[in-house]
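Single-letter residue listing:
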Amino acid sequence: MKGNVIKYERDNIDTDVIIPGQYLKVHDYAELALHAMEGLDPDFHSKVKEGDFILSGRNFGCGSSREHAPIALSHSGIKAVLALSFARIFYRNAVDGAFLLPIEIEEDTYSNISEGDELDIDIRINEIKNLTKNKTYKMKPFSEIIGKIIEAGGLFKYKPD
Amino acid sequence: MGKTLFEKIWDAHIVVEKENSPSLIYIDRHLVHEVTSPQAFDGLRMNNRSVRRPDLTIATMDHNVPTNNRTLPILDQTSAVQIQTLEKNCKDFGIQLFDINSPNQGIVHVIGPQLGITLPGSTIVCGDSHTSTHGAFGALAFGIGTSEVEHVLASQTLWLEKPKPFEIRVEGKRKNPHAVTAKDIILSIIKNIGTSGGNGTVIEYKGEGISDLSMEQRMTICNMSIEAGARAGLIAPDEKTFEYLRGRKYTPKNYESLVDYWRDNLKTDSDAKFEKNYTLHVDNIAPQVSWGTNPGMTCDVTESVPFPEDFSKGDQNQKKGAEKALEYMALKPGTPITEIKIDRVFIGSCTNARLEDLIEASKVVKGKKLSPHVRAMVVPGSQMVKKQAEELGLDKIFTDANFEWREAGCSMCLGMNPDILSPGERCASTSNRNFEGRQGTGGRTHLVSPVMAAAAAIEGHFVDVREMDLN
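Predicted, not measured: the structure shown is a model, and the values here were computed from it.

Attention now moves to the sheet that holds strand β2 (residues 53-56) of chain A. Residue and element names in this part refer to chain A. Here we have 7 strands laid out as an open sheet, ordered β4-β3-β2-β1-β5-β6-β7, and mixed in their pairing. Because the sheet does not close on itself, it has two edges, and the strands there are β4 (101-104) and β7 (135-138). Averaged over all pairs of adjacent strands, the angle between their axes in this sheet comes to 30°, without regard to strand direction. By the bridge criterion, 4 bridges tie strand β3 (residues 80-83) to β4 in an arrangement that is parallel. Across the sheet, Leu 82 pairs through a bridge with Ile 103, a residue of β4.

So, in structure tokens, the structure goes:
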């Protein structure tokens, strides 16, 4: 999985800035995507490309339970969010609907990756290659439980062993 | 080794449990509202599924509904469609709905307890993060996303990872319990443990500072557990809990035998172990006011807006966050909180729109007038709260002081109905989130208790409500 990084150097990016409340009435996912990150970065829609990754600090996706948040990011082209930590409901929503991968990383990795860097992420070996900087980092592995839901392709495809 | 209350409720609801796999947990009550449910019902239709237990599923409309005159049509077409969609879905799938004209309509987390739907020891979910509110009754209650809403509708179960138990002790006695409220306790906790301090945990609140609180105050505490990042917040049920639920519309017929069981079983064993602990002493805490753009950015009303370098204690992301927050909030570090002027006041939301909240706020307002440059709204949490308040004459106290007295709903908590801030407007709000744009694009939110909001409405700026006579 290859893509470029859009970096937000802050903690606590909440679901209200990922997709502001007034758009929760929108059912068309393509239209939702037009407003992704609007509360924080009005230029997001013009700069995001299919396959990009978001990189951010702690507690990404805190706040409301709106599944519209990972949906809006996913339909904007975001394949993974790399963060120091995630709020729980966002994390499960991202995985349950197979919208995008929530990937936890260490502080050093976070500081080392810059805006625009090209990454190649391989979740089978928990490895992130920074093709721009020619560096390799480890991602925190998914818990076995979450790994199983991701592998199945979402909550409705998951079947117990 | 003994078990925590959370572990006891969890264990009693396991359908399937295997090591290193998610646990399948049975859900006793599913609350549904208009915003996070439409795609879930669409999913059921696409797969020819029915609702497994319509009798355990209750719906209302709260997020989108206008809070002005209910006899007028809903002007926002997309809201109207979402509301009609919920009506159709409930009809098609046989779900009890409290619609916009029902005397039981209201914010889902206000009506659940009021109707006796929320019960101790039960599991409760809703497609809304503030479902943690119901934990005040010793229920394991948490918010879920729309995929999980569909999963519960179809199966009455959820695949879950087991959270860790976190003990928060609230010790001591507040000196002035009318001025220093449950809202100030929970804001103090979040200020201290941080907005991700509870991540991956279920908090159990204990101690004298909790048992002293009424049920409505306990709901304020559990409601904001999610703002500390916790999955849920819990308080062990006691005689106040049992009394609150006695004789309500949906209270079970065998209630007294249930109470006997709950009294004996719904408590943490003395030798149980928590993964985390934190203690707050409330003897000297002050009324709290948030200054930034998350609920952890909060200080005492007697303090000043902090300097980012002091707030961040050396953490670069925290410093940048505080700088960005101050820029958004248009506040200068060092400004005394009591010098911050406000434009709007919102008394409402699932955090603070219950009868006691309105009674306490009315004591501040009685016989006074709203500051001439402030617009203030009081939005009862449910139509039942509204009726009870009107029977006490609270509507008159507020309207005499030039406050607006409105119909029940989420209103200005979340900027998705007509009640919103204009860009740049500054609001003293009794709601739960001060995120950028939460109350409307460009709006600036300060989280406070109902009495602090009422006092700010009268004075036009924040004041230390301890200096007023509230008895």
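Moving on, we get to the interface of chain B and chain A. Opposite the 44 residues of chain B that make contact, chain A presents 39 residues. Breaking the side of chain B that touches chain A down by element, the ones donating at least two residues are α3 (77-93), α5 (146-155) and α12 (316-329) of chain B. Residue contributions to the side of chain B that touches chain A peak at 5 residues, all from α12(B). Among the residues making up the side of chain B that touches chain A, the classes are represented as 9 nonpolar, 26 polar and 9 charged.

On average, residues of chain B carry a pLDDT of 97, and 100% of them reach 70 or more. Taken over the whole predicted complex, pTM reads 0.97, whereas the ipTM for its chain interfaces reads 0.95.

Residue and element names in this part refer to chain B. Strands sit in the order β17-β16-β15-β18-β19 across an open sheet of 5 strands; the sheet is parallel. The strands lining the two open edges of the sheet, one partner per strand, are β17 (404-405) and β19 (444-447). Here strand β15 (residues 344-347) pairs with strand β18 (residues 426-429) via 3 bridges, running parallel. Each residue of the ladder has a partner; that of Phe 346, found in β18, is Ser 429. Lying over the sheet, helix α16 (residues 450-459) contacts β15, β16 (375-378) and β18, oriented at roughly 150° with respect to β15.

Thresholds applied
- Residues numbered from 1 in each chain as written.
- Chains lettered and ligands numbered in written order.
- Predicted model: local features only at pLDDT ≥ 70, side-chain atom pairs only at ≥ 80, totals over all residues.
- Pairing = 2+ DSSP bridges.
- Helix = DSSP H or I, 4+ residues; strand = E, 2+ residues; numbered from the N terminus.
- Axes fitted to C-alpha atoms, helices over the stretch in contact; angles between N-to-C directions.
- Contact = placed C-beta atoms within 7 Å.
- Nonpolar A, V, L, I, M, F, W, Y, C, P; charged D, E, K, R; others polar.
- pLDDT = per-residue confidence, 0-100.

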